[in-house]
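Report on the structure
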Amino acid sequence: MSAPAERPRVTAHEARQTAEDARERDWSRPSFAKELFLGRFRLDLIHPHPLPAAEDVRRGEAFLASLRAFCETRIDSARIEREARIPDETITGLKELGALGMKIDRRYGGLGLTQLYYNRALALVGSASPAVGALLSAHQSIGVPQPLKLFGTQEQKDTFLPRLARTDLSAFLLTEPDVGSDPARLATTAVPEGDAYVLDGVKLWTTNGVIADLLVVMARVPASEGHPGGITAFVVEAGSPGITVEHRNAFMGLRGLENGVTRFHRVRVPAAHRIGAEGAGLKIALTTLNTGRLSLPAACAGAGKWCLRIAREWAGVREQWGGPVGRHEAVGTKISFIAATTFALEAVVDLASQMADEDRNDIRIEAALAKLYGSEMAWLIADELVQIRGGRGYETADSLAARGERAVPAEQVLRDLRINRIFEGSTEIMHLLIAREAVDAHLSAAGDLIDPGKSLSEKARAGVRAGGFYARWLPGLVTGPGRLPGSYGEFGALAGHLRYVERTSRKLARSTFYAMSRWQGRMELKQAFLGRIVDIGAELFAMSAACVRAELLRTTGDHGREAQQLADAFCRQSRLRTEELFGRLWSNTDDLDRRIVDGVLDGRYTWLEEGIVDPGDDGPWIADATPGPSTREDVHRTIP
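Residues numbered from 1 in each chain as written. Predicted model: local features only at pLDDT ≥ 70, side-chain atom pairs only at ≥ 80, totals over all residues. Heavy atoms only, no water.

If you walk through the whole model with that rule in mind, you get one cavity of 30 Å³ or more. What lines the largest cavity is S77, I80, E81, S129, P130, A131, L254, R255, G256, Q412 and D416. Among the secondary structure elements, those contributing two or more residues to the lining of the largest cavity are α4 (77-83), α7 (130-142) and α16 (410-418). Of the residues forming the lining of the largest cavity, the biggest block, three residues, is contributed by α4. Taken together, the residues that form the lining of the largest cavity break down as four nonpolar, four polar and three charged. (1 Å grid on protein atoms, 1.4 Å probe; cavity = no way out; pocket = protein on both sides within 12 Å on 5 of 7 lines; lining within 4 Å. Points joined across faces, edges and corners; volume = space filled by probe spheres on them. Helix = DSSP H or I, 4+ residues; strand = E, 2+ residues; numbered from the N terminus. Nonpolar A, V, L, I, M, F, W, Y, C, P; charged D, E, K, R; others polar.)

So, on to the nonpolar core. Grouped together as the largest cluster of nonpolar side chains are 94 residues, with contacts concentrated most on L369, F491 and F570. Sorting elements by how many residues they give to this core places helix α21 (residues 527-556) first, with 16 residues. Not counting chain neighbours up to four residues away, the residues in contact with F491 comprise L43, H47, L498, C547, V548, E551 and Q564. Counting 32 residues, the second largest nonpolar core, distinct from the first, contains L94, A99, L113 and A128. (Core = buried A, V, L, I, M, F, W, Y, C linked by side-chain atoms within 4.5 Å. Buried < 20%, exposed > 50% of the residue type's maximum accessible area, 1.4 Å probe, protein only. Contact = heavy atoms within 4.5 Å.)

Quick look at the environment of I284 now. Of note, I284 is situated in helix α10 (residues 281-292). Between the C-alpha atom of I284 and that of R23, which follows or precedes it by 261 residues, the distance is 9.7 Å. Contact partners of I284, with chain neighbours within four places excluded, come to P147, F151, A233, I275 and G276.

Looking now at the layout of surface pockets. Here the second largest pocket defines a volume of roughly 870 Å³. Lining of the second largest pocket is provided by 37 residues; of these, Q146, K149, L150, T291 and A356 occupy positions nearest its centre. Contributing elements (two or more residues each) for the lining of the second largest pocket: α8 (145-151), α9 (154-166), α10 and α12 (329-358). Split by residue class, the lining of the second largest pocket holds eleven nonpolar, twelve polar and 14 charged.

Let us look at the pattern of salt bridges. When their charged atoms lie close together, side chains carrying opposite charge are able to pair. Following the criterion strictly, the structure yields 47 salt bridges and no others. For R604, the salt bridge identified is with D602, shortest N-O distance 3.4 Å. Look at R604 and you get partly exposed, because its relative accessible area is 46%. Judged by relative accessible area, which is 57%, D602 ranks as exposed. If you follow the salt bridges from partner to partner, you end up with R85, D88, R248, E258 and R637 in one network. (Salt bridge = Lys/Arg side-chain N within 4 Å of Asp/Glu carboxyl O.)

Quick look at the structure:
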């Protein structure tokens with residue numbers, strides 16, 4: 001009998017090294033965003049805007065038409081919100097429509113849609129019900145189909161993909177009660193036993209896990225003879241003996257989300273169901289997310305469109321002080337922000353999606369920026385809509401309907417969107433992930449110089465490498481096309497914004513270099529600074545996408561003038577945010593904040609907490625996840 005291992009005890013260095021080992025280290029293809037952070041504005045990588053093939057458009061538009069009819073007639077968002085679950089008949093209908101196989105190749109029974117049309121489908125479904133959009137996204141973006149597509153054997157693809165395209169739902173299981181973004185502490189084990197592995201452990205926040213038929217499970221294989229071990233990915237049948245869904249979680253938003261707690265006790269998984277090699281699990285997960293992350297910003301762009309529609313209709317009929325509230329500047333600026341930002345969010349998603357389809361560029365940073373920026377800006381858009389609606393924005397749709405008004409679920413959208421700043425990498429983690437990629441060229445050239453673990457001879461060799469790299473790189477940061485008045489003239493009125501992006505990308509690179517020179521090995525501790533660096537890069541990427549999108553629409557004659565107006569407004573708003581972020585790079589309260597945090601955590605300010613009562617209970621902060629047999633009822637349900 002094999003006993004589950006105790007939760008690994010790891011140092012901060014070991015935790016960082018685990019994440020570092022899981023990174024894709026090679027840059028075999030160009031990356032617009034990577035170059036942007038290095039101060040090189042490679043407009044040629046995104047302009048002219050890539051376009052889908054005619055056949056892809058035909059099939060994609062045909063499916064969107066069918067999906068729209070389904071959303072309008074067979075998705076009852078109010079019922080899902082009221083009952084806190086997606087009806088079985090809705091899920092069955094999605095299966096019949098082929099929606100489970102949007103990203104699965106047609107030879108396996110899927111629809112074989114491009115990333116562009118897959119994301120448009122998610123935006124459409126998400127506008128009807130964010131919970132249904134999350135179900136489809138979790139199934140295909142991070143569930144079993146994507147890792148199998150990238151890393152599965154032909155036998156695994158032949159076995160599982162036809163099921164996943166039509167009948168079987170999938171879920172992705174990585175997080176544990178005491179493990180979030182620190183996978184080095186992963187405790188679920190997969191112990192080799194003959195021609196199988198035996199899984200033991202508990203997984204938390206298993207989106208789709210309550211109804212899934214197939215699971216992707218990340219578990220730690222202990223090293224032994226013939227087994228290098230490490231975090232490894234497995235396809236697991238959800239109905240296997242020893243699997244119990246112990247709890248269906250409830251959240252402030254996405255009330256129909258089928259998300260739970262899953263326990264594994266002595267669950268046998270055939271070795272043939274292992275995806276990739278032992279120890280490759282985190283790399284598989286991160287690679288899967290390179291394009292999988294685009295599903296969230298797609299939903300955010302869809303939410304922005306809905307917010308714009310409601311803001312337009314409401315602000316035109318609600319009168320105060322002698323006219324529609326939308327004509328008053330205080331409200332009008334909010335509407336302008338919603339419209340311009342929605343245009344930019346769609347531009348970012350469509351550009352990144354089409355780049356993924358073309359597969360000419362490495363989009364790992366672009367996808368991460370899209371997720372980061374989309375989730376943050378959509379939340380602000382929804383918050384502004386609630387403000388525009390006033391008391392009606394805070395009131396529930398059911399209450400509005402009960403007293404005879406249009407059932408506008410503005411407060412629900414605000415709640416539903418909030419999770420996107422946490423899902424699939426929180427904003428804070430995304431900042432660190434993107435920052436690591438943004439400084440990769442510097443660490444490759446000079447990382448050994450600031451690594452205390454390196455010998456003097458290694459530092460000497462690193463010095464030579466660094467000297468060569470910076471001798472070539474630094475002169476390019478002095479001047480560029482952004483200083484020439486005629487640059488990017490084909491963009492007309494938007495040319496000035498692209499010149500700003502070019503100039504500012506060089507300024508951003510200089511700021512990063514200065515910070516690395518100043519803080520060296522302590523740079524990784526400057527998380528607030530790194531977050532601002534990444535946020536500046538996100539604004540520059542969004543401005544670039546918006547301008548390229550507007551130029552595409554101008555040349556195709558499709559709302560070109562209006563697109564240029566929206567892009568111009570967005571870029572002007574974005575430039576103000578960018579300049580504020582630059583100011584906060586060097587003028588901020590980061591040092592004072594650290595002292596205050598030390599005082600809070602050391603208990604020096606507990607007197608400030610007096611005069612209240614805590615309505616919560618005194619239970620444990622983190623639930624017990626000791627491996628062993630389940631003592632709870634299995635709440636897993638199978639969709640017929």
